[in-house]
Amino acid sequence: MRIGTGYDVHRLVKDRDLILGGVKIDHEYGLLGHSDADVLVHAIMDALLGAAALGDIGKHFSDTEEAYRGISSIALLEHVAGLLKENGYSVVNIDSVIIAQSPKMAPHIENMRENIARALSIELSQISIKATTEEGLGFTGAGEGISSHAVCILNNDD
């Protein structure tokens, strides 16, 4: 068994869609980034890649590559799933948290779980997503950005 952790953060800005867990959420701000800036999926990808000792998302999906400009992070997660399979790993479980002052995440979490489970070809019961605020503290509490943490366990199937 292998354990991995991941973290990501992006700034909230006007004139961008807010995409988390592959779900477009109605909000006045979106996350700034080269791709769709889905901090939840980015944290999960880094956890998975780290557990498999395959580097990080920057190694696989450079933010200077035009091919990744505006790309769906769910599509990138599907690629990571392929890398895991090629290297003999399967996902045991993923636990993650979104840190955001707003908007409320609860109405969207099941759709996020479904998107991530589908991209990784795992059962819904293998992915946990939680959300919290920082009670007005720090950059996320001030509404300047959103961050996410993820941990995972992989099996080495070889």
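Owing to the predicted nature of the structure, the values given are computational and were not obtained by experimental measurement.

*Asks:* Please provide a residue-by-residue account of the nonpolar core, values included.
*Replies:* In this structure, L20, L48 and I116 are the most contacted members of the largest nonpolar core, which totals 47 residues. Elements represented by at least two residues in this core include exactly β2 (18-20), β3 (23-25), α1 (39-51), α3 (73-86), β5 (89-99), α4 (109-120), β6 (127-132) and β7 (145-156). The element best represented in this core is α1, accounting for ten residues. The residues contacting L48, other than those within four sequence positions of it, are L77, V80, L84, V91, I94, L120, C152 and L154.

*Asks:* Pulling in residues and values, what's your account of the packing of aromatic side chains?
*Replies:* Taken as a whole and assessed by the stated rule, the structure comprises one aromatic pair. Ring geometry for F61 against Y68: centres 5.5 Å apart, planes inclined by 85°, an arrangement best described as edge-to-face. Among the residues examined, Y68 registers a relative accessible area of 22% and is labelled partly exposed.

*Asks:* For α1, give the residues involved together with the corresponding values.
*Replies:* If you check α1, its first and last C-alpha atoms are 18 Å apart, about what 13 residues at 1.5 Å a residue would give, namely 18 Å. Of all the 13 residues making up α1, twelve are buried; the element is thus mostly covered by neighbouring parts of the structure. Looking one or two residues past α1, A53 carries a phi angle of roughly 55°, positive in sign.

*Asks:* Pulling in residues and values, what's your account of the layout of surface pockets?
*Replies:* Of the volumes computed, that of the largest pocket is approximately 230 Å³. Only β1 (2-13), α1 and α2 (57-60) provide two or more residues apiece to the lining of the largest pocket. Looking at the lining of the largest pocket, its residues break down into five nonpolar, seven polar and two charged.

*Asks:* Account for a nonpolar patch on the surface, with residues named and values stated.
*Replies:* Side chains of Y7, V9 and F139 sit close together on the surface and give an oily, nonpolar patch of about 240 Å² of accessible area. Considering the arrangement of structural elements, one finds V9 in strand β1.

*Asks:* Describe the packing of α3 against α4, listing the residues and the values that go with them.
*Replies:* Closest axis-to-axis distance for the α3/α4 pair is 8 Å, and the angle between their directions is 35°. Between α3 and α4, the residues in contact are I74, L77, E78 and A81 and N115, I116, A119 and L120, respectively. The residue makeup of the contact of α3 with α4, split by class, is six nonpolar, one polar and one charged.

Cut-offs used in this document
Residues numbered from 1 in each chain as written. Predicted model: local features only at pLDDT ≥ 70, side-chain atom pairs only at ≥ 80, totals over all residues. Heavy atoms only, no water. Core = buried A, V, L, I, M, F, W, Y, C linked by side-chain atoms within 4.5 Å. Buried < 20%, exposed > 50% of the residue type's maximum accessible area, 1.4 Å probe, protein only. Helix = DSSP H or I, 4+ residues; strand = E, 2+ residues; numbered from the N terminus. Contact = heavy atoms within 4.5 Å. Phe/Tyr/Trp six-rings, centres within 6.5 Å; stacked < 30°, edge-to-face > 60°. Expected span 1.5 Å × (residues − 1). 1 Å grid on protein atoms, 1.4 Å probe; cavity = no way out; pocket = protein on both sides within 12 Å on 5 of 7 lines; lining within 4 Å. Points joined across faces, edges and corners; volume = space filled by probe spheres on them. Nonpolar A, V, L, I, M, F, W, Y, C, P; charged D, E, K, R; others polar. Patch = residues over 30% accessible without salt bridge, like charges linked within 9 Å, V, L, I, M, F, W, Y side chains within 5 Å. Areas by Shrake-Rupley, 256 points an atom, 1.4 Å probe, with all protein chains shown as cover. Salt bridge = Lys/Arg side-chain N within 4 Å of Asp/Glu carboxyl O. Axes fitted to C-alpha atoms, helices over the stretch in contact; angles between N-to-C directions.

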